[in-house]
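Summary of structural features
Single-letter residue listing:
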Amino acid sequence: MHIAFRYRLLLPLITALLLIVGYPLGFSFWVSLQDYRLTAIEGATWIGIEHYIALLRNNSFWTALRNTLVFVATAVSLELLLGLSLAMLLHRRTTLGRNFFRSILLTPMFITPIAVGLMFRFLLNSQLGVITKLTEAIGVRIDWFSAQNALLTLALIDVWQWTPLMLLLLLAGLEALPEEPFEAARVDGASAWQSFWHLTLPMLRPTLLAAIVIRMLDAFKVYEYVYAITRGGPGESTETIQYHIYRVGFLYYRLGEASAMAYVLIAVILVLVVTLFYSLRRA
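Being a predicted model, the structure only gives us computed values, none of them experimental.

**Observations concerning the overall build of the chain**
Along the chain, the regular secondary structure elements total 12 helices and 2 strands. Along the chain, helices and strands appear, N-terminal first, in the series α-β-β-α-α-α-α-α-α-α-α-α-α-α. Partitioning the contacts of the chain with sequence separation of at least 6, the portion at a separation of at least 24 is 68%. About 16600 Å² of surface is accessible on the chain, with carbon and sulfur atoms providing 69% of the total. Positive and negative side-chain charges in the chain, numbering 21 and 17 respectively, have mean positions lying 3 Å apart.

Now the structure itself:
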């Protein structure tokens with residue numbers, strides 16, 4: 001009776017999840033199996049997995065997916081390195097003004113991404129941008145939004161905005177570590193690097209895994225920077241998968257094809273998350 005009562009208490013939550021998450025997922029999967037166009041919804045016809053088969057020959061889709069993977073790998077790696085370095089620095093009690101710097105460093109992540117995109121669109125403008133003028137003043141000429149540099153520029157913008165989140169997560173993990181192992185290591189004569197490599201990193205591994213997965217999942221959703229700054233250009237050099245799905249679904253009205261792309265993206269993310277999870281757990 002007690003167990004049955006417990007499950008009855010879960011029914012409202014399960015019902016809400018089915019309505020909020022389950023129904024949209026189920027409907028979008030059904031749409032991916034249809035020739036479903038926003039301009040002719042009443043004429044939607046069942047085509048099975050034809051959209052998924054067509055994606056194998058869709059060069060634009062694979063270019064967008066490759067761009068997204070490069071963006072995610074670059075941004076999350078830099079955010080991890082910078083976030084861990086800053087967290088280690090701010091964790092030290094000898095760091096002057098560490099509470100002040102904590103508040104300042106966390107500021108960028110509270111700005112909406114579309115506003116960040118528009119801000120850097122002007123800061124990096126080839127003619128009027130402040131950052132461009134500063135680099136030119138020291139003799140460095142960079143075309144931030146050329147076909148070769150644009151994707152890296154978007155990744156660096158993401159690093160500027162979301163390194164604070166990585167810093168916050170890792171700093172919380174460092175604050176939760178016990179002091180006894182480090183005191184014992186100091187007594188045994190271990191150097192700061194040895195303590196970091198053999199104590200801090202192993203004990204921080206669950207926090208590192210959570211931080212990487214959270215940022216990776218969020219980075220896969222990059223859309224605002226692309227929309228605000230490059231619109232996928234030059235050519236397709238910055239066309240990310242989210243922006244490509246938006247174009248196909250809401251500019252070309254091919255919602256069935258866009259839904260199939262979204263499900264392929266879900267499968268790719270699941271594979272990456274599971275692989276990352278098990279590789280870090282066994283490391």
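Having put the structure on the table, let's press on.
**Here's the deal with the packing of aromatic side chains**
Within this structure, the stated rule accounts for 16 aromatic pairs. Seen from their ring centres, Tyr223 and Tyr246 are 5.4 Å apart, and the 75° between their planes marks the pair as edge-to-face. Within this pair, whereas Tyr223 is found in the loop between helix H9 (192-219) and helix H10 (224-230), its partner Tyr246 is found in helix H11 (residues 241-251), the two being separated by 23 residues in sequence. Between the aromatic rings of Tyr243 and Tyr246, the centroid separation amounts to 5.7 Å while the plane-to-plane angle is 45°, which identifies the pairing as tilted.

**Describing the environment of Ser77**
If you trace the backbone, Ser77 turns up in helix H3 (residues 59-91). Of note is the side chain of Ser77, whose polar atom sits 2.6 Å from the backbone oxygen of Ala73.

**A short note on the side chain of Ser195**
Topologically, Ser195 is positioned in helix H9. Here Ser195 is in contact with Phe182, Ala185, Ala190 and Thr200, once residues within four sequence places are set aside.

**So, the packing of helix H7 (residues 150-175) against H9**
Helix-helix packing is characterised by the crossing angle of the two axes and by the distance between the axes. Following both chains from N to C, one finds H7 and H9 inclined at 145°, their axes separated by 9 Å at the closest point. In the packing of H7 onto H9, the handedness of the crossing is right-handed. Two secondary-structure elements touch here, H7 through Asp158, Trp162, Leu165, Met166, Leu169, Leu170, Gly173 and Leu174 and H9 through Thr200, Leu204, Thr207, Leu208, Ala211, Ile214, Arg215 and Asp218. The class makeup of the residues in the contact of H7 with H9 is 10 nonpolar, 3 polar and 3 charged.

**Considerations on a nonpolar patch on the surface**
A cluster of nonpolar side chains, contributed by Tyr7, Leu10, Leu13, Ile14, Leu17, Leu18, Leu19, Ile20, Val21, Leu25, Ile266 and Leu270, occupies part of the molecular surface with about 1200 Å² of accessible area. Every element with two or more residues in the nonpolar patch is listed here: helix H1 (2-32) and helix H12 (255-282). In terms of residues, the nonpolar patch owes the most to one element, H1, which gives 10 residues. Within the fold, Leu25 resides in helix H1.

Criteria and thresholds
- The numbers attached to residues start from 1 for each chain and follow its sequence in the written order.
- The model is predicted, so local features are restricted to residues of pLDDT at least 70 and side-chain atom pairs to those at 80 or more, both for listing and for counting; the totals for chains, interfaces and linings are taken over all residues.
- Hydrogens are left out, water is left out, and the side-chain values use all remaining heavy atoms of the structure.
- A run of DSSP states H or I qualifies as a helix once it reaches four residues; a run of E qualifies as a strand once it reaches two. Both are numbered from the N-terminal end.
- The contact definition used throughout considers only heavy atoms, calling two residues in contact when any of these lie within 4.5 Å.
- Working definition of accessibility: Shrake-Rupley area with a 1.4 Å probe, residue cover restricted to the visible protein chains.
- Charged residues are defined here as Lys and Arg on the positive side and Asp and Glu on the negative side; His and the ends of the chain fall outside this count.
- Throughout, a charge is located at the NZ atom of Lys, the CZ atom of Arg, the CG atom of Asp or the CD atom of Glu.
- Centre distance within 6.5 Å is the pairing criterion for rings of Phe, Tyr and Trp, where only the six-membered ring of Trp is used; planes under 30 degrees apart are then read as stacked, over 60 as edge-to-face, and the remainder as tilted.
- Residues adjacent in sequence count toward polar contacts only when both atoms are side-chain atoms; beyond that, a polar contact is any pair of N or O atoms within 3.5 Å, and within protein one must be able to donate a hydrogen and the other to accept it.
- To get an axis, fit a line to the C-alpha atoms, keeping to the stretch in contact for a helix; angles then go from 0 to 180 degrees between the N-to-C directions.
- Handedness of each helix crossing follows the sense of rotation of the near helix against the far helix: counterclockwise by less than a right angle gives left-handed, clockwise gives right-handed.
- Any residue outside Ala, Val, Leu, Ile, Met, Phe, Trp, Tyr, Cys, Pro, Asp, Glu, Lys and Arg is labelled polar, Gly included; the first ten of those are nonpolar and the last four are charged.
- Patches draw on residues past 30% relative accessible area with no salt bridge. Two like charges within 9 Å are joined, as are two nonpolar side chains (Val, Leu, Ile, Met, Phe, Trp, Tyr) within 5 Å.
- Every case where a carboxyl oxygen of Asp or Glu lies within 4 Å of a side-chain nitrogen of Lys or Arg is listed as a salt bridge.

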